[in-house]
Structure formats: C-alpha cells, structure tokens
Amino acid sequence: MEAFARWKAARDPKGILAKPIIGQWVMKRIAPKRMDAWYDLSVGKREKIPPFCRCAEGSFQHGALWSLASAYRIYMDPEVDLGCAKQPALAIWGQADRSHPETNAERSKFLADNVQYVSLEGVGHFPELEVPTKIYELIKDFLSGGTP
C-alpha cells in the first residue's frame, strides 16, 4: 500500500483524480491527450505504441474510459480490505514498465499465499498484448501445475 500511495501522490499531487465524479470526468478529458506519453512510459517495445494508441482512441470513441480515478478511490480507502487470495496465483511483471516503481513488482508476491512470480525482460505494462504467445504459455504451464 505504501508504494501505491507514493505512486499516486506523484501522479495526482492535488488529489483531483480521487474525488468522486470529478476524478472520472477529469480522467475522461485527459486520457486521450496523455495516451502517447503514458504508453511511451509503460510499453516495452516502442513499435507497439502507435497500434495501442489507435486501439485506445477507437475504444474512447465507443465510450470506454480509463478507470484510474475509480481505482484511486477504492484502493486508497482504508475501509476497503482486499485481503489475500487463498488460491494459487500467477503474477507476471514486465521489467520495461517504467510507469510503476520496480518495488511494486516485488509486492505482487504478497497478493496471495502461494504466488508464482515471473518477471519478463523487454516487456512493459501490457504483457498479454506485447507477448501474447509467451503469456499464453506461462498461463497454460501454471494451470497444468508446472512452474512458469
């Protein structure tokens, strides 16, 4: 929670995105304008940025939103205790994701009692979009009881 709080404070120092309704409205307005910069920070392979932006732009035109403002509300609420998952979990971290501190990668080990953690070099925030075949193999191995 501490790492998330530091990350949030750096991105929303005035607490605007955490305000109900206002945060969602602001996010809807700024997301399309910030998309290039955010993908540049979070995607491992730069050639994927233009297609990701086109996909996101099309989604926004059809009413999609980035729910970051809602996440700020829920995850920062001390009354909300998400607890740890009881079932085995697979955590996949893209090492090229510069949008989150690297310490957050290690924190994923605390999401459940039994976490298999995989860190991928050259992959960013969207491993399932950047290297879908690799992610499929990791998930298939995990579900069959193997070690990814």
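Residues numbered from 1 in each chain as written. Predicted model: local features only at pLDDT ≥ 70, side-chain atom pairs only at ≥ 80, totals over all residues. Heavy atoms only, no water.

(A) Molecular detail of the pattern of salt bridges. Applying the stated criterion to the full structure yields two salt bridges. With a closest N to O distance of 3.2 Å, D40 and R46 form a salt bridge. On the accessibility criterion, D40 (35% relative accessible area) is partly exposed. Salt-bridge contacts for E137 lead to K140; the nearest nitrogen and oxygen are separated by 3.5 Å. Taken together, the positions of E137 and K140, both in helix α7 (residues 132-143) and three residues apart, correspond to about one turn of that helix. On the accessibility criterion, K140 (37% relative accessible area) is partly exposed. (Salt bridge = Lys/Arg side-chain N within 4 Å of Asp/Glu carboxyl O. Buried < 20%, exposed > 50% of the residue type's maximum accessible area, 1.4 Å probe, protein only. Helix = DSSP H or I, 4+ residues; strand = E, 2+ residues; numbered from the N terminus.)

(B) Region of the structure containing the state of the cysteines. For the coordinates displayed, the defined rule picks out zero disulfides. The thiol of C55 is unpaired, and the distance to the nearest cysteine sulfur, on C53, comes to 10.0 Å. Overall, the relative accessible area of 52% leaves C55 in the exposed class. (Disulfide = S-S within 2.5 Å.)

(C) View of α7. Between the first and last C-alpha of α7 there are 16 Å, a value that for 12 residues agrees with the 16 Å anticipated at 1.5 Å per step. Among the residues of α7, I135, L138 and F142 are the ones counted as buried. The arc that holds the buried residues of α7, viewed along the axis, is 60°, so those residues lie on one side. Set apart from the buried face of α7 by more than 90 degrees, the exposed residues are T133, Y136 and L143. Among the structural elements, β1 (89-94), β2 (115-120) and α6 (127-130) are those in contact with the buried residues of α7. Just past α7, the residue G145 takes up positive phi, approximately 90°. (Expected span 1.5 Å × (residues − 1). Arc of directions from axis to C-beta. Contact = heavy atoms within 4.5 Å.)

(D) Fine view of the nonpolar core. Core analysis: the largest hydrophobic core is formed by 10 residues, namely A31, M35, Y39, V43, I49, F52, C53, A56, F60 and F126. Among the secondary structure elements, those contributing two or more residues to this core are α2 (22-42) and α3 (49-61). With five residues, α3 is the largest single contributor of residues to this core. Residues in contact with A31, not counting those within four places in the same chain, are F60 and W66. (Core = buried A, V, L, I, M, F, W, Y, C linked by side-chain atoms within 4.5 Å.)

(E) Quick look at the environment of Y117. Relative to the helices and strands, Y117 resides in strand β2. Sequence separation between Y117 and L90 is 27 residues, and the spatial gap between their C-alpha atoms is 6.0 Å.

(F) Seen up close, the packing of α2 against α3. α3 packs onto α2 with a crossing angle of 155° between their chain directions and a minimal axis gap of 10 Å. Relative to α3, α2 is oriented roughly antiparallel. Remark: the crossing between α2 and α3 carries right-handed chirality. Contact residues: α2 offers A31, P32, M35, D36, Y39 and D40, while α3 offers I49, F52, C53, A56, E57 and F60. (Axes fitted to C-alpha atoms, helices over the stretch in contact; angles between N-to-C directions. Parallel < 35°, antiparallel > 145°, perpendicular 65-115°, else oblique. Left-handed = near helix turned anticlockwise from the far one by under 90°.)

(G) α3, seen in detail. With 13 residues, α3 should reach 18 Å at 1.5 Å per residue; the first-to-last C-alpha distance of 18 Å fits that figure. Within the sequence span of α3, burial applies to I49, F52, C53, A56 and F60. Taken around the axis of α3, the buried residues stretch over an arc of 100°, which confines them to a single face. Across α3 from its buried face, at more than 90 degrees, point the exposed residues R54, C55 and Q61. Tucked into the core, α3 has its buried residues touching α2 and α6. Just past α3, the residue G63 takes up positive phi, approximately 100°.

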